Every structure is written in C-alpha cells, then in structure tokens.
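Each chain, letter by letter, is given below.
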Protein chains: 2
Amino acid sequence: MTVVGSIAFDAVKTPFGSRDRMLGGSAVHFALAASFFDDVHVVGPVGEDFGPDEYAVLEARGVGTGDIERVSGGQTFFWRGEYGWDLNDRETLETQLNVFAEFEPKLSDASRAADVLFLANIQPELQREVRAQCGSARFVALDSMNLWIETARDSLVEAISEVDCVLLNDAELRQLTREPNFVRAARSVCEWGPRVVVAKQGEYGASMLTEEGFFALPAFPLETVIDPTGAGDSFAGGLLGYIAAHRDGELDHALLTRAMAYGTALASFNVEEFGVERVARLTSEQISERVAELQRITHFVEKPIALRG
Amino acid sequence: MTVVGSIAFDAVKTPFGSRDRMLGGSAVHFALAASFFDDVHVVGPVGEDFGPDEYAVLEARGVGTGDIERVSGGQTFFWRGEYGWDLNDRETLETQLNVFAEFEPKLSDASRAADVLFLANIQPELQREVRAQCGSARFVALDSMNLWIETARDSLVEAISEVDCVLLNDAELRQLTREPNFVRAARSVCEWGPRVVVAKQGEYGASMLTEEGFFALPAFPLETVIDPTGAGDSFAGGLLGYIAAHRDGELDHALLTRAMAYGTALASFNVEEFGVERVARLTSEQISERVAELQRITHFVEKPIALRG
C-alpha cells in the first residue's frame, strides 16, 4: 500500500485535555491503521523538526518511511484546532503549510508498485500526479475536503473520475454534488467514475454505496472519546488495509462491507486518546475483538410476523 | 395498545412542497404506525374543527377513536413549522395549544387495560397521570422534548423513573443528562429506572441501550425525503407495535433489536410524503420488504483475518 498525504505536528484542544505538539497528519493516521493489514509506504514532506522520535512511531509499526522527504531548513506542516463539547464541531485555529507549500510528490519504485493507493486530503492536482505514477494499483481511494470543493472543484472532479473509491464526510459529499440527499449524492459521484462511495458521518458511523447496493454501519459506541483528529484517516486505513490484505478473490460488496467494519474499528480506537497515541500501541487481538463486538451490536435476526392490513 | 399525545393540524413547509392544514400530532403518527401490529386506542383532545375526514383516516386503519375527546367550541392543537435544505433543521413558527391547554386525560376501561402504553411528548405531569391509570401495562414508553427538559425537568425525571423505556432525540438525551457522550447519557437514564433507552438520531438512525447491551441501526436510505414531521412517533409506533404483537415470550434484547428494525421501517415510510399521507396507505407487504432490505444493508459477515502485530 502507498499513502500520500500530510505528515504533521498537531496542536489540539478538546474539553478533555490538550496537546501542544503531537505527531499527526492524514498520511500518518492512515499508515498506522493500515499497518495492521499489509506493508505501507508513506509519501510526504517533513521539515528538519521531524526527528527520530517521530520516525520511531512509524517504524515501530513497520511503516515504510523511505519516501518521506525531509526538506533541509524546512518546518513540518502544522495544524492547530479546538473541539467543543460536541466533538463533531471543530474549529481550525492555525494552519502552517510550511514544507507542504512546495511539495512535489516523488515516489520510489516500491511506492509506485502499490497494489492499493490512498490519496489523502491534499490538493486534487497532487492527487492526480500521484495517481498517474501508480499505474498498476488495483484499488485507488481518495479523500478531500470543503477547501478543495470550494477552490478547485473541477480538478477534484477530474481526480475523482480517476479513482475507484471516494471517501468524504457526508456534508462534503452533499456540498460537492449540490445534492442534499445522501443516496442521490453518492449516485452522482458514481456516475463520475468511482464504483465505491463512502460517506463518513462522524460519531454516527459511515455509509457506502457500491454497484451492488447500499451498506451502512454505525460508529462503535464508546464511553470515552478524547480526540477525533485523524479518525477519518484511521477509518480509511482500516478499510483499505482490509482490501489490501485480500489480494486474491473478487473485491465484491460483501468484502467491502467487512472492510467498512475494520475501518470503523480502527477509527474507534483512534478517538479514544490524543493523536496517534492509542493506535500506536494497539494490538491485533483488540482489533479483532472490536470487529466481533461491532457485529453483535449491529446485527438483528428478522423474524417475519403477521401484520395487519 | 394505548397512546396519549397530541392530535393536531399541522402546517408544514419543506424545500419540496408544503401543506397548509393536514392531520398530524404525535398520537396520530404513532397510532397509524402501530395499527399494523395490534389494537390501538388514541387518547387526546380535539376541537370542533376535527371532522369526519380526520376520524376516517384513523378508523380506516382500525384505530380506536373512542377516547378522543371532542371539546365543544374548541379548536384542535395547531402547529406550523418549516424545514430547511438540511431536513434535520426544523423551525417552529407557530404553536396553538387550543384544546390541549385544558387537557385532562380520561381513559376508558379499554384504554386503561392496555398491555403496551406510549406516553407521547406532552407535559410530564400528564404522562404520569396516564401512566398511573394504566396499572396493568406490561411495557410503558415515554417521549419528551427540550421544552420539558428546560421547564419541568424534575417532573420529567419522575415520569421517566416510572416507565420501562425512554425514546429521545440524541441531543435531548444529552441535554437531559448533561452528559455529551451518548453511551454515558443512556446509562444515566437507565439508573433512574427504565431498562431500555432509545436515542433517535434522525437521518442517521437510532441507537438503543438495554440491560444486555448496545444496539445501533442506521436509518433506511431513501432517495426521496419530503417531510420528517412525525418520523419519531412513527418509529415509536413500529417499535412498540412489534412489542405489543409479542405478548408471549420474553421481552429480551433480541426481540427489541427486531422492534428497532420495524420502528426504523415505519419511520422511513413516514418521511416519504407529507404528514400521514404515506403511512395511511401503507401495506403489510411493504413493511416486511423494507425490514428485510434493512437487514441486508446493515449486515456484514465477519471473517477473521491474520493481522500484524
């Protein structure tokens, strides 16, 4: 697997605590989650402030860091945000692009040979460049955000037409398609090319539309949610990781529904602590247990009854 | 079954159309949905403007109207509201309590003998009066709203302590318990007495906490949503109707999960057209088909895989 996206230091404040400067970024959250399933290569720039401690977190999970470009004299991408009591509401207080402003993705042969590619939330033009470099990828997925919908919609639609799967927050999906109804919005995106559309719904879970139909999964119910930052990328890491781990056999609806469950499980761990703290010390057993529990809490057995009229 | 709640004329405007004066009210939406499962008696006041056409809608579905109190010289409860593009956002423009202002519930012997009782969203003190009159009810559920949480919280908590099941919008559940986390909020309510708590999450579905654990179900995905008014009461009608239809056997978690599915199905029909228009001409077959489809779109089969680390 290859992921291109941000590698960041995040400053986050939630009602439950804060961190001034912690490892973050979409590519990092994705890679740590995906590392439970298959080899992952991270592509993205960092500055000189990105040191051995940060590399160590990735390498401890076996993540390939060879395509992390360390820019001399540069500073790593920095994001500062705050969450309110309703953790679905988040305010960005500061964004320093730093080395990301001049980023031109350069992929090694190993990264280019990826079977599964995730284009995390970066400029659509960069996503297209990377996609073009990974010609042999069996499954390519893309994330984006309101900024690109507002400032680079045409590029984004082009980028979407070149991938197999789009993951967006449901509000972004509606904004992108100018269609308030999720089902219609997802169908619109499928008409542009992708065969899978996933709407991320935060604490409510996620929904998916494939050629074979619809699937929806609630989020895993947690008593403790500390920091939602990176949940969407951990979700993508679990989802695409599961797909990458199934090289043989058809990538059908049933497999994708299981992939959604693994994505949901990884996202649920991500939010239990700040940044990557929880996922960095996660175990396989904990993931498997949570997926099994997720099945129990979403499963009902229909028993037909005699209705009146 | 017996339901006490509002019987109303509603004026509703949505981005997809409007109605100036249509049959509505929590007891009406509940009763029509529940009528597919068992006998239902409606308890509530109407004015002289409530005529044969309105009675006919209820009677066509076999709903017992004997405890609808027609107040001489009175006007029926009237509500006017408008929905924005995001149908989760609703604004109340006008509320005329009319005959509801002086309402004192008087239940016939048939209504008092109810096996299942739904206390729709009315003043908590009235809910308690009705609950006291239905001593033999096997299962009693209660709905409420932000108004009573803000103006009559102590009464509401008392009323809750006397029922088996609470249904609330998830924002109301958080407001009531002053607990932003749904799982903790639901546990708090269970500590007051009820053994089942259902959080209605609008277009995202519904979650339930019972003594045996958690259950969550997404809403049925619809391409056409016209008017959400009454969806929560239709949900309650399907849920409690399913319970009422199962007089024998234990009211266990598995049965409640199926009841959630029927509630979800009834709510999904409710929103497809204005007011009661869709549910009034619904058929048993359509309900059964939708529950089966709901199972398909929420079901995944876990297949354990070898994870790394």
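Residues numbered from 1 in each chain as written. Chains lettered and ligands numbered in written order. Predicted model: local features only at pLDDT ≥ 70, side-chain atom pairs only at ≥ 80, totals over all residues. Heavy atoms only, no water.

(A) Broad picture of the packing of aromatic side chains. Taken as a whole and judged by the stated rule, the model has 20 aromatic pairs over all chains. Between Phe100(A) and Phe103(A), the ring centres sit 5.3 Å apart and the planes meet at 45 degrees, which makes this aromatic pair tilted. The residues Phe100(A) and Phe103(A) share a single accessibility class, namely buried. Seen from their ring centres, Phe77(B) and Phe100(B) are 5.7 Å apart, and the 65 degrees between their planes marks the pair as edge-to-face. Of this pair, Phe77(B) sits in strand E6 (residues 77–83) while Phe100(B) sits in the loop between strand E7 (90–96) and helix H3 (109–112); the two residues are 23 residues apart in sequence, bridging distant segments of the chain. Ring pairs connect the aromatic residues Phe9(A), Phe50(A) and Tyr55(A), which therefore count as one cluster. Stacked on the ring of Phe9(A), the Lys or Arg Arg21(A) has its end atom at 4.0 Å from the ring centre. (Phe/Tyr/Trp six-rings, centres within 6.5 Å; stacked < 30°, edge-to-face > 60°. Buried < 20%, exposed > 50% of the residue type's maximum accessible area, 1.4 Å probe, protein only. Helix = DSSP H or I, 4+ residues; strand = E, 2+ residues; numbered from the N terminus. Lys NZ or Arg CZ within 6 Å of the ring centre and 35° of its normal.)

(B) Summary view of the sheet that holds strand E4 (residues 41–46) of chain A. All names here are of chain A. Spatial ordering of the open sheet is given by E5-E4-E1-E8-E9-E10-E11-E12-E13, a layout of nine strands whose pairing is mixed. This sheet does not close on itself; its edge strands, each paired only once, are strand E5 (68–70) and strand E13 (213–217). Going across the sheet, the axis of each strand differs from the next one's by a mean of 15 degrees, ignoring polarity. Pairing of strand E8 (residues 116–119) with strand E9 (residues 139–143), which is carried by four bridges, proceeds in the parallel orientation. Its bridge partner being in E9, Leu119 is matched across the sheet by Leu142. Its contacts with the sheet put helix H1 (residues 26–34) on strand E1 (2–4), E4 and E8, and the angle it makes with E1 is roughly 160 degrees. Helix-sheet contacts for helix H9 (residues 231–244) involve E8, E9, strand E10 (165–169), strand E11 (196–200) and strand E12 (206–210), and the interaxial angle to E8 is about 165 degrees. (Pairing = 2+ DSSP bridges. Axes fitted to C-alpha atoms, helices over the stretch in contact; angles between N-to-C directions. Contact = heavy atoms within 4.5 Å.)

(C) Focus on helix H10 (residues 253–270) of chain B. Its 18 residues place the ends of H10(B) 26 Å apart at the C-alpha level, agreeing with the 26 Å of an ideal helix rising 1.5 Å per residue. Counting buried positions along H10(B) yields 17 of 18 residues, so the element is predominantly enclosed. (Expected span 1.5 Å × (residues − 1).)

(D) Broad picture of the sheet that holds strand E7 (residues 90–96) of chain A. Residues and elements named next belong to chain A. Read from one edge to the other, the open sheet built from four strands follows the order E3-E2-E6-E7, with strand pairing classed as mixed. With partners counted over all chains shown, the strands left at the sheet margins are strand E3 (17–24) and E7, one partner each. The average undirected angle you get between the axes of adjacent strands in this sheet is 15 degrees. Bridge count for strand E2 (residues 8–14) against E3 is six bridges, and the pairing is antiparallel.

(E) Layout of the interface of chain B and chain A. Each partner contributes to the interface: chain B provides 54 residues, whereas chain A provides 55 residues. A buried area of about 5,100 Å², summed over both sides, lies between chain B and chain A, and 52% of it is on carbon and sulfur atoms. Together, Glu223(B), Phe300(B) and Arg308(B) form the three largest contributors to the area buried by chain B at its contact with chain A, with a combined 16%. Applying the counting criterion to the chain B and chain A interface returns eight salt bridges. Across the salt bridge formed by Arg174(A) and Glu203(B), the nearest N and O atoms sit 2.9 Å from each other. Here chain B is connected to chain A by 31 residue pairs in polar contact (both at pLDDT 80 or more). Only helix H7 (170–177), helix H8 (182–191), strand E13 (213–217), H10 and helix H12 (284–298) of chain B provide two or more residues apiece to the side of chain B that touches chain A. (Buried area = accessible area lost by both parts, 1.4 Å probe. Salt bridge = Lys/Arg side-chain N within 4 Å of Asp/Glu carboxyl O. Polar contact = N/O pair within 3.5 Å; in protein donor to acceptor, adjacent residues only side chain to side chain.)

(F) Expanded view of the state of the cysteines. Residues and elements named next belong to chain B. All told, the structure shown has zero disulfides over all chains when counted by the stated rule. Distance from the sulfur of Cys165, which forms no disulfide, to the nearest cysteine sulfur (Cys190) is 9.3 Å. For Cys165, a relative accessible area of 0% translates into the label buried. Its relative accessible area of 22% is what places Cys190 among the partly exposed residues. (Disulfide = S-S within 2.5 Å.)

(G) Representation of the pairing of strand E10 (residues 165–169) of chain B within the structure. All names here are of chain B. Where burial is concerned, most of E10 is hidden: four out of the five residues are buried. As paired elements, strand E9 (residues 139–143) and E10 share three bridges and run parallel to each other. The residue of E10 that forms the bridge with Leu142 is Val166.

(H) Fine view of the confidence of the model for chain A. Across chain A, the average pLDDT comes to 96, with 100% of residues at 70 or higher. Interface confidence for the predicted complex, expressed as ipTM, amounts to 0.94; the pTM equals 0.96. (pLDDT = per-residue confidence, 0-100.)

(I) Spatial organisation of the pattern of salt bridges. Evaluation of the coordinates by the stated rule reveals 38 salt bridges over all chains. Glu158(B) is the salt-bridge partner of Arg128(B), the closest N and O atoms lying 3.6 Å from each other. Here Arg128(B) is found in helix H4 (residues 124–133), whereas its partner Glu158(B) is found in helix H6 (residues 153–161), with 30 residues between them in sequence. According to the relative accessible area criterion, Arg128(B) is partly exposed, its value standing at 25%. Here Glu158(B) falls in the partly exposed class, since its relative accessible area comes to 39%. One connected set of salt bridges, linked through shared partners, spans Asp38(A), Asp39(A), Arg247(A) and Arg308(B).

(J) Geometry of the side chain of Glu172(B). Residues and elements named next belong to chain B. Residue position: Glu172 is located in helix H7. Lys200 provides the closest opposite charge to the buried, salt-bridge-free Glu172, at an N-O distance of 5.8 Å. The residues contacting Glu172, other than those within four sequence positions of it, are Ser144, Met145, Asn146 and Ile149. (Lys, Arg positive; Asp, Glu negative; His and termini not counted.)

(K) Fine view of the relation of the copies chain B and chain A. Screw-axis analysis of chain B against chain A gives a translation of 0.0 Å along the axis, an RMSD of 0.0 Å, and a rotation angle of 180 degrees. Such values leave the two copies arranged in the relation of a two-fold axis. In this assembly the copies share their binding face: 100% of the residues contributing to the interface of chain B also contribute to that of chain A. (Least-squares fit on C-alpha atoms with pLDDT ≥ 70 in both.)

(L) Up close: the pairing of E2(A). All names here are of chain A. Counting buried residues along E2, six of its seven residues qualify, which places the element largely inside the surrounding structure. Relative to strand E6 (residues 77–83), E2 runs parallel, the two sharing six bridges. Bridge pairing links Ala8 to Phe77 in E6.

(M) Spotlight on the packing of H7(B) against H8(B). All names here are of chain B. Axis separation between H7 and H8 bottoms out at 9 Å; the angle between their running directions is 65 degrees. Read as a crossing pair, H7 and H8 show a hand that is left-handed. Between H7, through Leu173, Arg174, Leu176 and Thr177, and H8, the contact on the second element is made entirely by Phe182, Ala185, Ala186, Ser188 and Val189. (Left-handed = near helix turned anticlockwise from the far one by under 90°.)

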